[in-house]
Amino acid sequence: MPSQKTLTLLPGDGIGHEVMAEAKKILFWLNAQGDTNITIHEDVIGGTAYDQHGEPLTDATLAVCRQSDAILLGAVGGTQWQNVAYDKRPEAGLLKLRKELGLYANLRPAIVFDELIDASTLKPEIVKGLDILIVRELTGGVYFGTPRGIEDLGGGERRGINTQVYTTSEIKRVGRVAFELARKRKGKVTSCEKANVMESGKLWREDISALHHAEFNDVTLEHMYADNCAMQLLRNPSQFDVIVTDNLFGDILSDEAAMLTGSLGMLPSASLGAPGTPGLYEPVHGSAPDIAGQNKANPMATLLSLAMCFRFSLEMPSIADHLEQAVKNILAAGIRTGDIMAPGCTLVSTSGMGDAVIAELSKQYMKAA
Ligand code: IPM
Ligand code: MG
C-alpha cells in the first residue's frame, strides 16, 4: 500500500480552473491504479477567493495548505480585479501563501524540448538542448521590504517607496539550494545582482562567495550583473546551468528564460521552504483571461509541476519520471495544444491533452506490468 499523502489543489483564476481539472483527472487515475494514496483537498485563492470571501487567501485556506504535504496551484489574476486594493488583489493571495509558508526557494526550469525547438523566437542552434534552472529567492527583497507605500507630500506631489533588503541568512539559504542542485546537474552556478549600484547586491555577492568558499568549492561559481545576465540569456543561453538571484531580478529573468523556450505553456515551477514545509507547485504561466473557459489552454506546465511535486514533496520520483516521459512521448507523437501547434501536428483541447497523458501513462503501466 503506498503511503497516504495529502495534496491541496488551488485552481485560482482564469485558465487555472481548466488546467487544474486535468491534474485532478490524472491524480484520480493514479489513485485508481493503486499506485498512489493521495487525499485531495480543493480550495480557492486569488480573485475567486476574493469574490467568495473578500480575501484572496483566507486563514482557513492557509491552514488547509499548512497541513498538506504539498500544494498545486493553477494561476491567479484577471482584469476584473485590477482596481481592488493592493492587499486584496489576487496576487496578494499568492504572495501571502509564499511568505506564510516560508517558501524561499523558487525553482524555475527552462528546458527546450527538441520537438518544440521551432517554437522559440531564437534561432534553433542557439536554444537546442537548452536546460537552465533559475533559483529565485521568493520571500524577501523588494517584494516584502519595508518601508513601503505611497506618501502624500502635499501640493499634488506624492512619493512611492519600496525597499530592497536582504540578510546574510536569507542569501545563504537560497544560495545553498542553488549549489546543491548544481551538483546534480552541470556543476555551475551563476549568481546575479547589481553589486555595482546596490549595497544589497554587494552583500549578496560577498555572502554567495563566502558560502561557495566554505561549502561548495567543487561547484563553479560565476557572478554576473543582472542586466548583463538578461543580455547573455539572449546572446548565448547555453553558458548557463543554475542561475541564483533575488526576488525581483528572478521574476524578470525567469520570464525571459521561459520565453527562450517559446512555450510558456510547458514550464513548471516549485517553491520550497525548510524541510517539512509543504512545497508549492505551479505553472509559470498566468491566468490568461483571453482564453479562459474555452478549453484551449495547455495543461502541460501544470502536469509537469505535478511531476515536480511527486519528485520533491511526495517522495514518489518514479511517478514523476512516468509523467515527464508521457509528456515527451506526446510531443514526439505530434499532439499539440494551440500555443505549441505546428504544421502536420494534431490539435487537441485542454481536456484532450489530459486524456492523451492518461493514455500514455496507461501504456507505460501496461509495459511495466
Ligand atoms: C510570478 C508572478 C508573481 C510575482 C505575481 C503574480 C505576484 O509574476 O510568479 O512570477 O511577481 O512573483
Ligand atoms: Mg513573474
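Just above sits the structure.
Treat the numbers as computed from the prediction; the structure is a model and nothing was measured.

Before going further, it helps to spend a moment on the site of ligand 1. Every residue near ligand 1 is listed here: Glu 91, Arg 98, Arg 108, Arg 136, Tyr 143 and Asp 251. Between Arg 108 and ligand 1, the recorded distance is 2.8 Å, taken from a side-chain N or O atom to an oxygen atom. A distance of 2.8 Å separates an oxygen atom of ligand 1 from a polar atom in the side chain of Arg 136. For ligand 1, whose unbound accessible area comes to 320 Å², protein coverage reaches 74%. A breakdown of the residues in the shell around ligand 1 according to their chemical character gives one nonpolar, no polar and five charged.

Okay, the packing of helix α6 (residues 168-183) against helix α7 (residues 199-215) next. At a minimum axis separation of 9 Å, α6 and α7 run at an interaxial angle of 50 degrees. If you check the angle between α6 and α7, you find them oblique. The interaxial crossing formed by α6 with α7 has right-handed handedness. Listed contacts from α7 to Thr 168, Ile 171, Lys 172, Val 174, Gly 175, Arg 176, Phe 179 and Arg 183 of α6 are Leu 203, Trp 204, Asp 207, Ile 208, Ala 210, Leu 211, His 212 and Glu 215. Along the lines of polarity and charge, the residues of the contact of α6 with α7 split into eight nonpolar, three polar and five charged.

Positionally, Asn 298 belongs in the loop between β12 (279-283) and α10 (300-312). The exposure class assigned to Asn 298 is buried, which follows from its relative accessible area of 4%. One polar contact links the side chain of Asn 298 to the main-chain carbonyl oxygen of Gly 265, over a distance of 3.4 Å. Among the polar contacts made by the side chain of Asn 298, one reaches the side chain of Thr 337 at a distance of 3.3 Å. What Asn 298 contacts, discounting residues up to four positions off in sequence, is Val 19, Gly 265, Met 266, His 285, Thr 337, Asp 339 and Ile 340.

Among the nonpolar cores identified, the biggest contains 64 residues, and Ile 26, Leu 107, Val 135, Met 266, Leu 306 and Phe 310 are the most heavily contacted of them. At eight residues, α10 tops the list of elements feeding residues into this core. Two domains each put at least three residues into this core: domain 1 (1-104 + 273-369) and domain 2 (106-268). If near-sequence neighbours (up to four positions away) are discounted, Val 135 is found in contact with Asn 106, Leu 107, Val 174, Val 177, Ala 178, Leu 181, Val 242, Ile 243, Val 244 and Thr 245.

Attention now moves to the sheet that holds strand β3 (residues 70-75). Read from one edge to the other, the open sheet built from 10 strands follows the order β2-β1-β3-β12-β11-β4-β5-β10-β8-β9, with strand pairing classed as mixed. The open sheet has two edge strands, β2 (37-42) and β9 (220-225), and neither has a second partner. The average undirected angle you get between the axes of adjacent strands in this sheet is 20 degrees. The strands that helix α3 (residues 59-66) touches are β1 (4-12), β2 and β3; relative to β1, the one it contacts most, it runs at about 145 degrees. Here α7 sits on the sheet and contacts β5 (131-137), β8 (188-193), β9 and β10 (242-245); the angle it forms with β9, its principal contact strand, is near 175 degrees.

With the rule as written, the count across this model stands at three aromatic pairs. Where Trp 29 meets Tyr 365, the ring centres are 5.2 Å apart and the plane angle is 85 degrees; that geometry is what we call edge-to-face. Remark: Tyr 365 occurs in helix α12 (residues 350-368) and Trp 29 occurs in helix α1 (residues 16-33); sequence separation between them is 336 residues. As far as burial versus exposure is concerned, Trp 29 and Tyr 365 are alike and both buried. Against the face of Tyr 86 rests Arg 89, its NZ or CZ located 5.3 Å from the ring centre. Just above the ring of Phe 144 sits the side chain of Lys 99; from NZ or CZ to the centre is 4.7 Å.

Reading the values: the criteria
Residues numbered from 1 in each chain as written. Chains lettered and ligands numbered in written order. Predicted model: local features only at pLDDT ≥ 70, side-chain atom pairs only at ≥ 80, totals over all residues. Heavy atoms only, no water. Near = heavy atom within 4 Å. Polar contact = N/O pair within 3.5 Å; in protein donor to acceptor, adjacent residues only side chain to side chain. Areas by Shrake-Rupley, 256 points an atom, 1.4 Å probe, with all protein chains shown as cover. Nonpolar A, V, L, I, M, F, W, Y, C, P; charged D, E, K, R; others polar. Axes fitted to C-alpha atoms, helices over the stretch in contact; angles between N-to-C directions. Helix = DSSP H or I, 4+ residues; strand = E, 2+ residues; numbered from the N terminus. Parallel < 35°, antiparallel > 145°, perpendicular 65-115°, else oblique. Left-handed = near helix turned anticlockwise from the far one by under 90°. Contact = heavy atoms within 4.5 Å. Buried < 20%, exposed > 50% of the residue type's maximum accessible area, 1.4 Å probe, protein only. Core = buried A, V, L, I, M, F, W, Y, C linked by side-chain atoms within 4.5 Å. Domains from an automatic or database assignment. Pairing = 2+ DSSP bridges. Phe/Tyr/Trp six-rings, centres within 6.5 Å; stacked < 30°, edge-to-face > 60°. Lys NZ or Arg CZ within 6 Å of the ring centre and 35° of its normal.

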